[in-house]
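# Coordinate analysis (summary)
One letter stands for each residue in the lines below.
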Amino acid sequence: MIEYKKNVYVFDHPLIQHKLTLIRDKNTGSKEFRELVEEIAMLMAYEVTRNLPLKEVEIETPVGIAKCKVISGRKLAIVPILRAGLGMVDGLLRLIPAAKVGHIGLYRDPQTLKPVEYYCKLPQDVHERDIIVLDPMLATGGSASAAFDYIKKYNPQSLKLMCLIAAPEGIERLTTDHPDVEVYCAAVDEKLNDHGYIVPGLGDAGDRLFGTK
Ligand SMILES: O=P(O)(O)OC[C@H]1O[C@H](OP(=O)(O)OP(=O)(O)O)[C@H](O)[C@@H]1O
Ligand SMILES: O=c1cc[nH]c(=O)[nH]1
Ligand SMILES: [Mg+2]
C-alpha cells in the first residue's frame with residue numbers, strides 16, 4: 001500500500017492491479033466487469049480491515065482449550081453510492097457479512113457535473129458505526145463529498161472511502177472538503193477530460209456494470 005498523500009492510500013497489490021487492468025479494457029463485457037469489480041472490492045476490503053481491533057477469547061477445540069482472537073465488537077456499515085457503488089457491495093459482504101448496508105443515491109448532472117441526490121437510507125445506529133463509502137470512480141469528487149456531507153449529520157465513529165480509480169482533482173476536492181476521511185483506491189489516474197471523465201479511467205462505471213448505454 002502506497003501513501004499518495006496524507007490519508008490517501010493506493011493499493012499496489014499485484015492481484016488488484018491485474019484485475020484493474022482487465023476492467024479498464026473497453027472489450028471487457030458487463031458480466032466479467034461485474035465479477036472483477038466485486039473481486040477487487042473484496043481484495044481491497046482485506047487491506048482496509050487490517051487494523052480492526054482484536055480481543056482474546058477462549059474456545060474449546062476437540063483437543064483442549066485455545067486462547068484465540070476475534071474481532072472486538074467494531075460495528076461497520078458500508079454505504080454504496082448508487083448506482084456504480086453497488087458493484088462493490090458483495091465483495092465487502094463476503095468478508096464482513098455482519099456489516100449493515102446503507103445506500104446513497106446520487107447521479108452527476110452531465111452538464112453541471114454537480115451531484116443530484118435522489119435517495120438516502122442509512123442504518124439507524126450510524127453514530128455507533130465505522131463507515132466505508134463505496135464508489136468505483138472519484139472524478140471531480142462532488143459525489144463523494146456530498147455523500148460525506150450527508151453521512152456526517154449522523155455523527156459516525158469514522159469515515160473511509162473505497163474507490164477503484166481516482167483523479168487528482170477528486171482527491172484534492174475530497175481531502176479539502178473532508179480532511180478527516182481516509183481514501184483508499186487502486187489507482188490515481190492522469191486527469192479529467194472536458195466532460196469530467198477520468199482519463200484514461202475505465203469509462204462510465206455504472207453503465208459498464210449494468211450494461212446501460
Ligand atoms: O466525482 P464525481 O465527478 O462526482 O463523479 C463520480 C460519480 O459519477 C459516477 O456516477 P454517475 O453520476 O455516472 O451515476 P451512476 O453510478 O448511476 O452511473 C460515479 O459512480 C460517481 O458516483
Ligand atoms: O470517469 C468517470 C467519471 C465519472 N463517472 C464514471 O463512471 N466515470
Ligand atoms: Mg454513471
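Keep in mind it's a predicted model, so treat the numbers as computed, not measured.

With that out of the way, let us pick up the UniProt feature "binding site: 5-phospho-alpha-D-ribose 1-diphosphate" (unreviewed entry) in the chain. With numbering aligned to this structure, UniProt lists the feature "binding site: 5-phospho-alpha-D-ribose 1-diphosphate" (unreviewed entry) at R83, R108, D135, P136, M137, L138, A139, T140, G141, G142, S143 and D204. For the largest pocket, the lining residues among the annotations just cited are R83, R108, D135, M137, L138, A139, T140, G141, G142, S143 and D204. Its location among the elements puts L138 in strand β10 (residues 137–138). Accessibility expressed as a relative area gives 2% for L138, which makes it buried. The contact partners of L138, leaving out residues within four places of it in the chain, are A144, L161, C163, I165, A166, A167, G170, I171, L174 and I198. Among the structural elements, S143 can be located in helix α4 (residues 142–152). If we skip the residues at most four places from it in the chain, S143 touches I81, L106 and P115.

Moving on, we come to the UniProt feature "domain: Phosphoribosyltransferase" (unreviewed entry) in the chain. The UniProt feature table records "domain: Phosphoribosyltransferase" (unreviewed entry) at residues 10–212. Between the first and last C-alpha atoms of residues 10–212 the distance is 29 Å; the span itself is 33% helix and 30% strand.

Overall, parallel pairing links the three strands, which are arranged β10-β12-β14 in an open sheet. Only two strands of the sheet have a single neighbouring strand rather than two, namely β10 and β14 (187–188). Where strand β12 (residues 165–166) and β14 come together, two bridges link them in parallel fashion. Among the inter-strand pairings, I165 is bridged to a residue of β14, identified as A187.

What follows covers the environment of G102. Among the secondary structure elements, G102 is positioned in the loop between β6 (100–101) and β7 (103–108). Overall, G102 belongs to the buried group, its relative accessible area being 0%. Residue contacts for G102: discarding those within four places in its chain leaves I78, V79, P80, K121, L122 and P123.

Between helix α2 (residues 30–48) and helix α3 (residues 86–95), whose axes approach to 7 Å, the crossing angle comes to 45°. Comparing their axes, α3 and α2 come out oblique. Classified by chirality, the crossing of α3 by α2 is right-handed. Along the contact surface, α2 presents V37, E38, A41, M42, A45 and Y46, while α3 presents G87, M88, D90, G91, L92, R94 and L95. Considering only residue class, the contact of α2 with α3 consists of eight nonpolar, two polar and three charged.

So, on to the site of ligand 2. Near ligand 2 you find R108, M137, A139, G196, Y197, I198, G203, D204 and A205, and these make up its full shell. Within the contact set of ligand 2, an oxygen atom lies 2.8 Å away from a backbone nitrogen or oxygen of I198. A205 places a main-chain nitrogen or oxygen 2.8 Å from an oxygen atom of ligand 2. Protein burial of ligand 2: of its 240 Å² of free accessible surface, 87% is covered by the chains. Taken together, the residues of the shell around ligand 2 break down into five nonpolar, two polar and two charged.

Let us now look at the confidence of the model for the chain. Summary statistics for the chain give a mean pLDDT of 97 and a share of 100% for residues scoring 70 or more. Two numbers describe this predicted complex: its pTM, 0.96, and its ipTM, 0.97.

It is worth spelling out unusual backbone geometry at this point. Put simply, L82 and R83 share a cis peptide bond, and its omega is -10°. Mapped onto the secondary structure, R83 falls in the loop between β5 (76–82) and α3. In this structure, the amide linkage connecting V199 to the following residue, P200, adopts the cis form with an omega of 0°. With respect to the secondary-structure elements, P200 resides in the loop between β16 (198–199) and α6 (205–210). In this structure, N7 takes a positive phi of about 70° despite not being glycine. Here N7 is to be found in the loop between β1 (2–5) and β2 (8–10).

Reading guide: rules and limits
Residues numbered from 1 in each chain as written. Chains lettered and ligands numbered in written order. Predicted model: local features only at pLDDT ≥ 70, side-chain atom pairs only at ≥ 80, totals over all residues. Heavy atoms only, no water. UniProt positions renumbered as here; feature names shortened; annotations may be inferred. 1 Å grid on protein atoms, 1.4 Å probe; cavity = no way out; pocket = protein on both sides within 12 Å on 5 of 7 lines; lining within 4 Å. Helix = DSSP H or I, 4+ residues; strand = E, 2+ residues; numbered from the N terminus. Buried < 20%, exposed > 50% of the residue type's maximum accessible area, 1.4 Å probe, protein only. Contact = heavy atoms within 4.5 Å. Pairing = 2+ DSSP bridges. Axes fitted to C-alpha atoms, helices over the stretch in contact; angles between N-to-C directions. Parallel < 35°, antiparallel > 145°, perpendicular 65-115°, else oblique. Left-handed = near helix turned anticlockwise from the far one by under 90°. Nonpolar A, V, L, I, M, F, W, Y, C, P; charged D, E, K, R; others polar. Near = heavy atom within 4 Å. Polar contact = N/O pair within 3.5 Å; in protein donor to acceptor, adjacent residues only side chain to side chain. Areas by Shrake-Rupley, 256 points an atom, 1.4 Å probe, with all protein chains shown as cover. pLDDT = per-residue confidence, 0-100.

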